[in-house]
Amino acid sequence: MAELEVLQDAAVLIDGERIAWVGPRREAPQVGAQHAAPLHVVEITGVLFPGFIDCHTHAVFGAPRLDDQERRALGVDYKAIAAAGGGILQSVRDVRSRSERDLEALTRARLMILVANGATTIEVKSGYGLELEAELKQLRVIRRVADQVPATLVPTFLGAHEVPLEYRSKRADYVRLVCEEMIPVVAREQLARACDVFCEPGVFSAAESRQILTAARRHGLAVKLHADELEGSGGAELAAELGALSADHLAAITETGIRALAASPTVAVLLPATMVFLGKRTQAPARRLIEAGAAVALATDYNPGTSPTMSLPLVMALGVSQLGLRHAEAVTAVTINAAAALGLAAERGQIAPGCVADLVLAAVDDWREVAYWMGRGVVSAVWTAGSACPA
């Protein structure tokens, strides 16, 4: 993760939507007159990175959970906040009551901010519906917004984000609903590429998570897990066993879980902004994961309750200051490793021939500065699939 190639006075040749060549500018191939499209030269100053990839967001929601934040600041814990009507279920009530048009407008505006901060590929989860129609509403919003923003959106079904109130006394029925009704429709309508589960004590057990993810794989969906966020519960081990694309959060991962991820292709997605926003004193053990041999990625976890974070460069800075990453590891964590967490490493996350021409320009002198400045807007230009995004 610490091995980056940094070119000085470089050039990138883009042909259509993909990178055709990259290298020292003096060695750039000459494009002859026979080339179908006219050559358009863009001179830039700064540092050009692969497009950043935000591999964990919950961007389809209504209102921010401001009361939750204030209660936490006053020392109220997660369970008490939920009992007072806050938490995920507050966002569920909100999303259920809103129109698709309203959610579409909110989501589009928010994603444009993520893009302006360098995110060229963005995973977006459902999970604030917890009933068939409300989950489908979120996924339809993602599908429509994908045609309206200059970024690639990767939809993930998260019907197992929480057990809704109406199923609290019959949670097995809700698990069956997710497996037998929600997943088949989502897969049939091709509304998601993957299925995620919040595997955590008090939410979904490892056994319930296995049941849901096994059903998802049976219907052709890739699988992911929210795992070991607040307590270790075997989520990382389950993710490795199932061949999940990623296991996310991992602040409470055990040594057994670390070894399991290190021995698997499953990416460990760490979300440092979430723990900072929650006021937690501990973070996921990034150094132990890396030293064991696990692939580590970073993401914003952008959501209305625990991480209203819209900047991957900020997350990179937190990766260095809070997780102990090297600057190069932070870059790798939001590019090629984040692409792997979405199953897209073959064509994204690198400035290399054949890759999609997603590029981010940072107005800095030293490439390490992108993971240094806290809250400064370092991104000055973004290209997706070879086209410049509007400023």
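Residues numbered from 1 in each chain as written. Predicted model: local features only at pLDDT ≥ 70, side-chain atom pairs only at ≥ 80, totals over all residues. Heavy atoms only, no water.

Undergrad: Whenever I open this one, unusual backbone geometry confuses me. Can you help?
TA: Generally, phi is negative for residues other than glycine and the peptide bonds are trans, each holding for most cases. Here aspartate 228, not a glycine, exhibits a phi torsion of approximately 50 degrees, which is positive. As for its placement among the helices and strands, aspartate 228 is situated in the loop between β8 (222-227) and α8 (235-242). According to the relative accessible area criterion, aspartate 228 is buried, its value standing at 1%. Even without being a glycine, aspartate 301 presents a positive backbone phi close to 60 degrees. Tracing the chain through its elements places aspartate 301 in the loop between β11 (296-298) and α12 (312-323). Residue classification places aspartate 301 among the buried positions, given a relative accessible area of 2%. (Helix = DSSP H or I, 4+ residues; strand = E, 2+ residues; numbered from the N terminus. Buried < 20%, exposed > 50% of the residue type's maximum accessible area, 1.4 Å probe, protein only.)

Undergrad: What exactly am I supposed to notice about the sheet that holds strand β12 (residues 359-362) here?
TA: Across a sheet, strands are paired by hydrogen bonds formed along the backbone, either parallel or antiparallel in direction. Strands sit in the order β3-β12-β13-β14 across an open sheet of four strands; the sheet is antiparallel. Strand pairing shows two members of the sheet lacking a second neighbour, β3 (47-50) and β14 (387-388), which therefore form its edges. Note that β12 and strand β13 (residues 379-384) share four bridges and pair antiparallel. Opposite leucine 359, over in β13, you have tryptophan 383 as the bridge partner. (Pairing = 2+ DSSP bridges.)

Undergrad: Looking at this structure, I do not really get the pattern of salt bridges. What am I missing?
TA: Should the charged atoms of two oppositely charged side chains come close, the side chains can pair. In this structure the tally under the stated criterion is 25 salt bridges. For arginine 140, the salt bridge identified is with glutamate 100, shortest N-O distance 2.8 Å. Of this pair, arginine 140 sits in helix α5 (residues 132-145) while glutamate 100 sits in helix α4 (residues 100-116), placing them 40 residues apart in sequence. Relative accessible area serves as the criterion here: at 26%, arginine 140 is assigned to the partly exposed category. Glutamate 162 is paired through a salt bridge with arginine 168; the nearest N and O atoms lie 3.6 Å apart. By relative accessible area, which is 41% here, arginine 168 ends up partly exposed. (Salt bridge = Lys/Arg side-chain N within 4 Å of Asp/Glu carboxyl O.)

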